[in-house]
Structure formats: C-alpha cells, structure tokens
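Listed below are the residues making up each chain.
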Amino acid sequence: MSDTRGSLWSHSCTWTDLLVPVSLDAGRGGLDLSDGWPDRWTATWKYAGDEIAGLVRHLGQVPVASRGPMRGFTWRREQRHRPGLESLVSTGRLHGFESLEEDQLLVALDFAGDLLEVLSQPLRIRFRTAEKWRNHTPDFFAVTRVGTWLIDVRPRDLIESEDLESFAAAEDVALLCGWHYAVAAEWRPHVRSTLGALYGKRRPTRDVLGIQVDLLAHAEEGVTFGELAAAQTYWPVARAQLLHLLWHRRLGIDLAQPLTDSSRVVLAGGVS
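Along each chain, residues carry numbers from 1 onward, in the same order as the chain's sequence is written. With pLDDT at 70 or above as the cut-off, local features in this predicted model cover only qualifying residues; side-chain atom pairs require 80 or more to be listed or tallied, and sums for whole chains, interfaces and linings still use all residues. With hydrogens and water set aside, each side-chain value is computed from the structure's full complement of heavy atoms.

**Some thoughts on unusual backbone geometry**
With glycine set apart, most residues show a phi of negative sign, and most peptide bonds adopt trans.
Here is step 1 of the chain: Of note, Q121 is a non-glycine position whose phi angle comes to about 45°, a positive value.
Here is step 2 of the chain: Looking at the secondary structure, you find Q121 in the loop between β6 (115-120) and β7 (124-128).
Here is step 3 of the chain: Although it is not a glycine, R249 sits at a positive phi angle of roughly 60°.
Here is step 4 of the chain: Put simply, DSSP H or I for four residues or longer makes a helix, DSSP E for two residues or longer makes a strand, and each gets a number counted from the N terminus. Among the structural elements, R249 can be located in the loop between α7 (235-247) and β12 (251-252).

**A word on the sheet that holds strand β9 (residues 140-144)**
Here is step 1 of the chain: Paired strands are those between which DSSP finds at least two bridges. The 4 strands lie next to each other as β6-β9-β10-β11, forming an open sheet whose pairing is mixed. For this open sheet the edge positions go to β6 and β11 (180-184), each flanked by a neighbour on one side alone. The sheet shows a mean angle of 20° between the axes of neighbouring strands, direction not considered.
Here is step 2 of the chain: Bridging between strand β10 (residues 147-153) and β11 involves 5 bridges; their strand directions are parallel. Note on β11: the bridge partner recorded for W149 is H180. Axes here mean lines fitted to C-alpha atoms, for a helix over just the part in contact, with angles spanning 0 to 180 degrees between N-to-C directions.

**Observations regarding the pairing of strand β8 (residues 133-136)**
Here is step 1 of the chain: Think of it in three bands: with a 1.4 Å probe and only protein chains considered, a residue is buried below 20% of the maximum accessible area for its type, exposed above 50%, and partly exposed in between. Here β8 shows a clear split, with R134 and H136 buried on one side and none of W133 and N135 buried on the other.
Here is step 2 of the chain: Direction of pairing for β7 relative to β8: antiparallel, over a ladder of 4 bridges. Bridged to I125 within β8 is H136.

**Brief notes about the environment of L94**
Here is step 1 of the chain: Considering the arrangement of structural elements, one finds L94 in strand β5 (residues 93-97).
Here is step 2 of the chain: Sequence-wise, L94 and G84 are 10 residues apart; in three dimensions their C-alpha atoms are separated by 9.4 Å.
Here is step 3 of the chain: In this analysis, two residues are considered to be in contact whenever any of their non-hydrogen atoms come within 4.5 Å of each other. What L94 contacts, discounting residues up to four positions off in sequence, is L85, E86 and S87.

**Some remarks on the side chain of D172**
Here is step 1 of the chain: Checked against the element boundaries, D172 lands in helix α3 (residues 161-176).
Here is step 2 of the chain: Owing to a relative accessible area of 11%, D172 belongs among the buried residues under this scheme.
Here is step 3 of the chain: In contact with D172, not counting residues within four places along its chain, are R28, L31, L33 and W37.

**Notes on the packing of helix α4 (residues 191-199) against α7**
In helix packing, the relevant descriptors are the interaxial angle and the interaxial distance, both defined with respect to the helix axes.
Here is step 1 of the chain: At a minimum axis distance of 9 Å, the contact between α4 and α7 shows a crossing angle of 115°. Comparing their axes, α7 and α4 come out roughly perpendicular. Contacts between α4 and α7 pair L195, A197, L198 and Y199 from the former with L243, L246 and W247 from the latter. Roughly parallel refers to an angle under 35 degrees, roughly antiparallel to one over 145, roughly perpendicular to one between 65 and 115, and oblique to any angle outside these ranges.

**Some details on helix α2 (residues 100-112)**
Here is step 1 of the chain: Helix length check: α2, at 13 residues, gives a terminal C-alpha distance of 18 Å against a target of 18 Å (1.5 Å per residue), a fit within 8%.
Here is step 2 of the chain: A large share of α2 lies buried, amounting to 11 of its 13 residues.
Here is step 3 of the chain: Within α2 the residues assigned to the buried category are E102, D103, Q104, L105, L106, V107, A108, L109, D110, F111 and A112.
Here is step 4 of the chain: D114 lies just past α2 and shows a positive phi near 50°. To estimate how far a helix should extend, the number of its residues minus one is multiplied by 1.5 Å.

Pasting the structure below:
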C-alpha cells in the first residue's frame, strides 16, 4: 500500500492513525510558556480518594496505580450529553465516559491501542495564558504497550479558541512528562462503521466447529473476507469467527476502506 494511514495490516499501526490530526498552533500562541513555566503550572489528581496537587514538572513521577477519576459520572433526566460505562476487553473492567464521542474513543483504544490501562478524567491542569490562570481536565489517560497517552475528545466543529488553548497546554504537560498527547476530534472515513461491525464480536467465543484454524490458514493466501467465509461449510458461523479474529488482531484488514466482502484479509503482521 502506498498510503498506510488508517491501515490495520500490522501491529505497527497505532490508534492515532485512525484520527484526522488537529493543529494546536493557534492555541499554543496564547499560553504563557516563559522560562520556568513547569514550576508555575500545577496538576491535581485523586489518589486513594484524596485530591493531591503538585508541580507539573513532577507529574510524570506520580504512580498510576490507585489513581481515580477527578469527577464521577452521573445520569439525570434531560441532560444534553450521554454518559455511560464501557466494558473493555483489554482491561476487563468498566470505564466511564461522558459522551458518545468518548465512548467511541474507548472502543478504538480497545481495538487498536495496545491498551494496558485507561483512566477517565485523570487529572486537572492549572495553566497560565497571557491573560489569566485557567483549569483543564483531559478526558483520558491511557497506558499502552507503545507509550503513555493523555487524550482529549471534542468533535471538530465544537472546538473553540479556548479549547485549543486547553489542548495545547495539555500537550505541553504531556511532552514534559514523556507522554504522548492526542485530540480525538474526527475519525478517518469508515473507522466508525468498521469498528461498529467488529464491536459485537469482541467477547470471548467458543470455536466449537474448529473453524478458526482453517480461517487463519487460508488468510495466508491473501483472499477476501467474503471468499474466506464462503470457503467454509458453515459460512454464517465463519463470518462471526472472522470478525472475532479481526478484533483480536489475529487477522488484519485495511481500515482506510469500508469493511465489505471484498476487503482483503491477511494474517496480523502481514504486508500488502
């Protein structure tokens, strides 16, 4: 493939390849990043139920274990956002989200993020702009096999100038701590539909008919999703098993294209 953005052919793809990047240059211009800013900006997090504050310079040394969300997740009638709890295969636990966009981010992390741990509403950053002090609470803190991430979620058409300042401040704090930072504002075409198709088959499943071995063997031939399924006597079961194998990255597809019967399927780590 000449363009590997959004590709899931191999484990070299990270979850951020599924996002359309957001430029934070306009927000960074309003920050007070004069000498010594890491000794002026502060961060607050919850540890064993108590709020603890410290300089952002030392934030990277704070242990992740026993941290809790900065605020709880509540449900009430007529609220405008959609909070909830998402069950992740990677962690085996429920994780809170405050909107459907945040829920989509959790699903993407669970599928393509090499996820080890994730914390919602992980900390509150107090930072200085050219005009005043401001606070910002990033949406997620994710520990993965390929690095640690601080993440904000905001639909692109809802991002205001103050949001860009907050995101730029969070990115500077993340880089100071040796973390990565990302804004989930827009997914590449077909990401939502493909993850939606795979989502229902992410749970542990029994392979009573022994179909998975044959599917994996035939995937070495570089055939399509439809051809793989049709080659099995019990093809409806094979389609379900294929989706399960794709979710768990034992097989790969190109997420830059819609998932259809003509999608070529390869073994995870294969090269197109």
